[in-house]
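Structural description and commentary
Given next are the chains, with one letter for each unit.
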Amino acid sequence: MTLPPPIVQVRGLTRRFGTGCPACPELTGPAAETNQCPRCRSVTACREVSFELHSGEVLGIVGESGSGKSTVVRLLHFDLAPTAGEYRLNLNGAAAAGLPWLEPGQNLFELGPHQRRQLRNRLMGIVYQNPLLGLRLKVTAGGNIAERLLMAGWRRVERMRERAADLLARTEVPVERMDELPRHFSGGMQQRVQIAKALSTDPAVLLLDEVTTGLDVSVQARVLDLIRSLQRELQIATIVVSHDLGVIRMLTTRTLVMRYGGIVEQGLSDQILEDPQHPYTQLLVNSTL
Amino acid sequence: MSRPARAGAPADWRDGLPPGRDGYSFAFLDAGAKREIRRRILKAVAIPGCQVPFGSREMPIARGWGTGGLQLTLALIGPEDVLKVIDQGADDSVNAVSIRRFVQRVTGVRTTTDTPAATLIQTRHRIPEEPLRPHQILVFQVPIPEPLRLVEPSEKETRRMHAEADYSRMWLYLYEDIVTYGEITIGARYPVLVNRRHLMDPSPIPRWDVERLDRNPALMLFCAGREKRIYALPPHTLVEPLQFEDVPFRVESFAGRRCRRCGSARSFLDEAIDEATGRRSYACSDAAFCEKVRKAGGRTAPEPEEGGP
């Protein structure tokens, strides 16, 4: 049996902050044990990151602070521009319907800003660690969801409100609080509004950047439960970034371990957690479990 | 700009001008300033609704008092033009009178209060009630040219939004308004989409006038002197107010009300409250139109009730 082509394909993704020099690739990365080049002082946040994500799959990216995992997610969400790399999406007919200019196999980093914005709005959902980044706190919870629908061309207030109420109900936010400002919500509820917003346009890819960090343990568990059940129900290809191996174990099927901007180990999540091969992964697993 | 040929115009524009321009060039602005402003107007006309920056000059009135409109008027006016200046519809308010007198003094052009007789009309916050004709130019004074300023303080960001036609934030503002108040609460400065591309601030005209921008046969020019922006609606340009399919755009309603002076029921009315008795009364905001209706005997033969849009 041949597998269908992966929905996301990333090749050689690299992002450097600073001028860069020819020695950078050699003097930075996991082997050099730093991500700052001693010659030109440039920081290579991620280097030569390649992976594939299949439809319905959940991929984990784990690593310590500064390992480049959030940079990868921001590059994939077009929040940052890469120094080098290729990024392709293989969409089925329904997902590509609103984007007639999108050619199959096109490198998305070569698209113009307007096309990137459309693509991001239609096909990607992101949930940030800090709800401040993903939500407009001066706009009602329903309005936050409506913003993405408006961007996608919705022009009926009633239909947008129905959609927002439906999503909030699914993410366990009381629907009667739809017209309240999210800054009056608790942290866990803000995070659930963010998830509802990310799911509003039925994205093909969902990016979760440290979603449970900063929440207390019982709220963390509820948010994780919610993500897991929504993911199973909607079968969205998902990338989960976390430094918390518990989150990785609970949500993901496959995991990349990053250090100093490079991938040091990858494989099935269970395998990586039970039988880590790379010394850094061994340290990571031993220090948390 | 297509203007009617001026039959019998003097060969040299200096001929036939009244004395007493006190050593200023015709229409006050120097040739360099006029050329700058005219070039910017051409660009603005070529991209309807797009804000074009220009080198705004110091004027002998304070910024914020119509320097933008005045600069357009002075850059466009010729000796054969007939000028009308209105302020909220009135020809006789201090601001309108001062600007009209100033332009008259530095050009010697004829002035009028009659809308069809004017070739160039400078206006603050109203469109004359009488329909405009082709070859007329309407110049708007604009306080805030950026429609997105309401939702985004950064100029860099609003320029990006215009470049990518990303107006979702403005739509979101309208959605929030409907959710919070049950309707869109923007009274004046209602945002419009020009030529299905650029979001434009129509200057603080009432909603009543917004629909009259659409496919108007006259050339409409907008200028903000303080903010240094020119934009334009060429004749017959498509102008649509932002509206939801299930919450359509509404203009002000004067149902059952008439002008106390001329009896008109189809013009934009100003409300006045008598402080002694507390009674409300209504009068046309466009004073010249009101006068015309009155002279034609509008008071004795009132307009039918269903005449208002």
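Because the structure is predicted, anything quoted here is derived from the model rather than measured. (Residues numbered from 1 in each chain as written. Chains lettered and ligands numbered in written order. Predicted model: local features only at pLDDT ≥ 70, side-chain atom pairs only at ≥ 80, totals over all residues. Heavy atoms only, no water.)

1. Describing the interface of chain B and chain A
Taken together, the contacts link 15 residues of chain B with 21 residues of chain A. Between chain B and chain A, roughly 1700 Å² of surface is buried when both sides are summed, and carbon and sulfur atoms account for 60% of that area. Joining chain B to chain A, the criterion identifies 3 salt bridges. A salt bridge links E245 of chain B to R156 of chain A; the nearest nitrogen and oxygen atoms lie 3.5 Å apart. Scanning the region where chain B abuts chain A turns up 9 residue pairs in polar contact (both at pLDDT 80 or more). Broken down by element, the side of chain B that touches chain A gets its largest block of residues, 8 residues, from helix 5 (residues 168-181) of chain B. Of the residues assigned to the side of chain B that touches chain A, the class counts are 7 nonpolar, 1 polar and 7 charged. (Contact = heavy atoms within 4.5 Å. Buried area = accessible area lost by both parts, 1.4 Å probe. Salt bridge = Lys/Arg side-chain N within 4 Å of Asp/Glu carboxyl O. Polar contact = N/O pair within 3.5 Å; in protein donor to acceptor, adjacent residues only side chain to side chain. Helix = DSSP H or I, 4+ residues; strand = E, 2+ residues; numbered from the N terminus. Nonpolar A, V, L, I, M, F, W, Y, C, P; charged D, E, K, R; others polar.)

2. Comments concerning helix 1 (residues 31-46) of chain B
All names here are of chain B. With 16 residues, helix 1 should cover 22 Å at 1.5 Å per step; its first-to-last C-alpha distance of 23 Å lies within 8% of that length. The complete set of buried residues in helix 1 reads A33, K34, I37, I41 and A44. Angular distribution of buried residues about the axis of helix 1 spans 95°; they occupy a single face of the element. Facing away from the buried side of helix 1, by more than 90 degrees, are the exposed residues A31, R35, R39 and A46. At its buried positions, helix 1 is contacted by strand 1 (52-53), helix 2 (67-76), strand 8 (219-224) and strand 9 (229-233). The N-terminus of helix 1 is capped by D30, whose side-chain oxygen sits 3.1 Å from the backbone nitrogen of G32. (Expected span 1.5 Å × (residues − 1). Buried < 20%, exposed > 50% of the residue type's maximum accessible area, 1.4 Å probe, protein only. Arc of directions from axis to C-beta.)

3. Topic: unusual backbone geometry
We note that D202 of chain A has phi near 50°; this positive angle belongs to a residue other than glycine. For D202 of chain A, the position within the fold is in the loop between helix 8 (187-199) and strand 6 (205-209). The phi dihedral of F28 of chain B is positive, around 65°, even though this residue is not glycine.

4. A look at the sheet that holds strand 4 (residues 120-124) of chain B
All names here are of chain B. Strand order in the open sheet formed by 7 strands is 1-9-8-5-4-2-3, and the pairing between neighbours is mixed. The sheet is open, and its two edges are formed by strand 1 and strand 3 (110-111), each paired on a single side. Inspection of the sheet shows strand 2 (residues 82-87) paired to strand 4 by 5 bridges, in the parallel sense. Looking across to strand 4, one finds that D87 is bridged to R124. Against the sheet, helix 1 engages strand 1, strand 8 and strand 9, with an angle of about 45° to strand 9. Across the sheet, helix 3 (residues 94-107) touches strand 2, strand 3, strand 4 and strand 5 (137-141), and the angle it forms with strand 2 is around 160°. (Pairing = 2+ DSSP bridges. Axes fitted to C-alpha atoms, helices over the stretch in contact; angles between N-to-C directions.)

5. Some points on the state of the cysteines
For the structure shown, the criterion picks out 0 disulfides over all chains. Between C24 of chain A, a cysteine without a disulfide, and C40 of chain A, which holds the nearest cysteine sulfur, the sulfur-to-sulfur distance is 3.4 Å. (Disulfide = S-S within 2.5 Å.)

6. Description of the pairing of strand 1 (residues 8-17) of chain A
All names here are of chain A. Relative to strand 4 (residues 84-89), strand 1 runs antiparallel, the two sharing 5 bridges. In the sheet register, T14 faces strand 4, and the bridge partner there is A84. Pairing between strand 1 and strand 2 (residues 43-53): 7 bridges, direction antiparallel. Residue pairing in the sheet places R15 in a bridge with C46 of strand 2.

7. Topic: the sheet that holds strand 3 (residues 58-62) of chain A
All names here are of chain A. Pairing in this open sheet of 6 strands is mixed, and the strands run 5-6-7-3-8-9 from one edge to the other. Only two strands of the sheet have a single partner each, and these edge strands are strand 5 (124-127) and strand 9 (262-268). Looking at each pair of strands side by side, their axes are set apart by 15° on average, direction ignored. Strand direction decides the pairing type here: strand 8 (residues 254-259) and strand 9, joined by 6 bridges, are antiparallel. Counterpart to L256 in the pairing with strand 9 is Q266. Together, strand 3, strand 5, strand 6, strand 7 (237-242) and strand 8 form the strand contacts of helix 2 (residues 69-76), whose direction differs from that of strand 7 by roughly 145°.

8. Structural notes on the pairing of strand 5 of chain B
Residue and element names in this part refer to chain B. The element strand 5 is largely enclosed, with a buried count of 5 among its 5 residues. Burial of strand 5 is two-sided: the residues I137, V139 and Q141 facing one way and the residues L138 and F140 facing the other way are all buried. Judged from the 4 bridges that link them, strand 4 and strand 5 form a sheet pairing that is parallel. When the sheet's bridge partners are listed, Q122 is paired in strand 5 with V139. Bridge analysis of strand 5 against strand 8 gives 5 bridges, and the strand direction is parallel. Note that in strand 8 the partner of V139 across the bridge is L221.

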